[in-house]
Structures are given as structure tokens and as C-alpha cells.
Amino acid sequence: RAAADFAIAHPPASALLTRYGAGFPRFLDDYAPAVGLPYLADVARLEWAVETASLAPAADEAAPPAEIDLPGMRLSLVPSLALLHTEFPAEPIWRAVLEQDDAAIARIDPGRAPATVAIWRHGDGAAVASLGAASAAFLAAILAGVAADAALATAASVDPDPIPVLTAEILSAGRHPALARDEDE
């Protein structure tokens, strides 16, 4: 019903259907019938980010938004990388619904649980990964054009020792898929 009400209130402004729906999460924020489902707009934001990433240029079709020089390596963010901050557990809800996992859905507490996820194009679709606060702060700073050393300082303001977290979440085991190693120095 929400989608139909959105379509009536906000008819498409473009013939490209892939551009339609960006305003749906904001619509859900104020949609009276969904007042008891405060997480729904965050799930819609995540779904829109996934759709946007899946249609973005592939890593070899566009310049990276940032390159990160670290001792011994240079990393490039994939062009489609986006961060999404949610106030509710959108990622576990979204994943459980996609997997049709009723047991997982039953285990999720839908209450307020701020989180940040990374979304990027992966193959013909998109990938989604939850980030800890230090990794989210680091990547947000890098995406904002901050140099790697300053981004590390930003991450350190969230976690006094961010390197192990960054290594585990972003750089470990063949690197986070949202990053590509350009070269070893």
C-alpha cells in the first residue's frame, strides 16, 4: 500500500524508471500507516543505495573517488562506494528478508541501533558490509577528500587504536571488496 500511495503522491518525473524511488524513504518517514515500523524508512534507504550501486560504473569504468597511500601499498576506493548511516538495524532486516530467513527476522530487535554500512557495485549487483565506528569514520573522511593520515586520526578519535579494527574490517584477507590494491611498494 505504501508504494501505491507514494506513486500517487509522487508520480515519476522521468521516463527512466531506475531514477524513480529516491524519495520513497523520505515518504516512509512521514507515512502514517508505517508509524509503528520506524526501521522501514532505513531499510528503504538501504535498498535504494543497493539499487544505485548496482547501476553504478564498474571499478574499471570510472576513476576511483580516492586513493589511499599506506606504508607498502596504495589502495583505491571503488567508484561506486557509498556509506549509509542508519538509525535502525536496516542491514540485518534487509538481509533476512532477502534470504527469506524467518528465524533471523524473529531474532532481530527492530529498536534503535545506529549503524553504518558500506555499499558498492559488485559484479552485476551490489555488496553491503556493516562497518564499525572507526572504519566508518575512516572511510567517511577518505570519501570527503581527507588525506589518509588525517583520516586515521579521525578513526583514532572514535577508537584510540583503530589500526587493528581497520585491518580486520577493511584491509584484511585480500582486502575489503570496496577497496582495490593498486600496487605494492
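Source: prediction; values computed, not measured.

J.: What is the right way to look at the nonpolar core in this model?
T.: Ranked by size, the top nonpolar core spans 21 residues in total, and within it Ile68, Leu77, Leu81, Trp120, Phe138, Leu139 and Ile142 carry the most contacts. Taken together, the elements giving at least two residues each to this core come down to strand S2 (73-77), strand S4 (115-122), strand S5 (125-131), helix H6 (133-143) and helix H7 (148-158). For this core, the element with the most residues is H6, which contributes 6 residues. One finds Phe88, Trp94, Ile108 and Val128 within the second-largest nonpolar core, a separate group that totals 17 residues.

J.: How should the packing of helix H3 (residues 40-54) against helix H4 (residues 90-98) be read in this particular structure?
T.: Relative orientation of the contacting elements H3 and H4 amounts to 70°, with a least axis distance of 9 Å. Overall, the two elements H3 and H4 adopt an arrangement that is roughly perpendicular. At the point where H3 passes H4, the crossing takes the right-handed sense. Side by side, H3 and H4 meet where Asp42, Val43, Leu46, Glu47 and Val50 of the first sit next to Ala90, Glu91, Ile93 and Trp94 of the second. A breakdown of the residues in the contact of H3 with H4 according to their chemical character gives 6 nonpolar, no polar and 3 charged.

J.: Help me out: how do you make sense of the pattern of salt bridges in this one?
T.: Under the criterion given, the structure shown has 5 salt bridges. Measuring nitrogen to oxygen at the nearest pair gives 3.1 Å for the salt bridge that ties Arg1 to Asp5. Assessed through its relative accessible area of 18%, Asp5 is described here as buried. The salt bridge involving Arg112 is made with Glu87; its shortest N-O contact spans 3.2 Å. Of this pair, Arg112 sits in the loop between helix H5 (102-107) and S4 while Glu87 sits in the loop between strand S3 (82-86) and H4, and the two are 25 residues apart along the sequence. Judged by its relative accessible area of 56%, Arg112 falls in the exposed class. What makes Glu87 partly exposed here is its relative accessible area of 28%.

Rules used in this analysis
- Residues numbered from 1 in each chain as written.
- Predicted model: local features only at pLDDT ≥ 70, side-chain atom pairs only at ≥ 80, totals over all residues.
- Heavy atoms only, no water.
- Core = buried A, V, L, I, M, F, W, Y, C linked by side-chain atoms within 4.5 Å.
- Buried < 20%, exposed > 50% of the residue type's maximum accessible area, 1.4 Å probe, protein only.
- Helix = DSSP H or I, 4+ residues; strand = E, 2+ residues; numbered from the N terminus.
- Axes fitted to C-alpha atoms, helices over the stretch in contact; angles between N-to-C directions.
- Parallel < 35°, antiparallel > 145°, perpendicular 65-115°, else oblique.
- Left-handed = near helix turned anticlockwise from the far one by under 90°.
- Contact = heavy atoms within 4.5 Å.
- Nonpolar A, V, L, I, M, F, W, Y, C, P; charged D, E, K, R; others polar.
- Salt bridge = Lys/Arg side-chain N within 4 Å of Asp/Glu carboxyl O.

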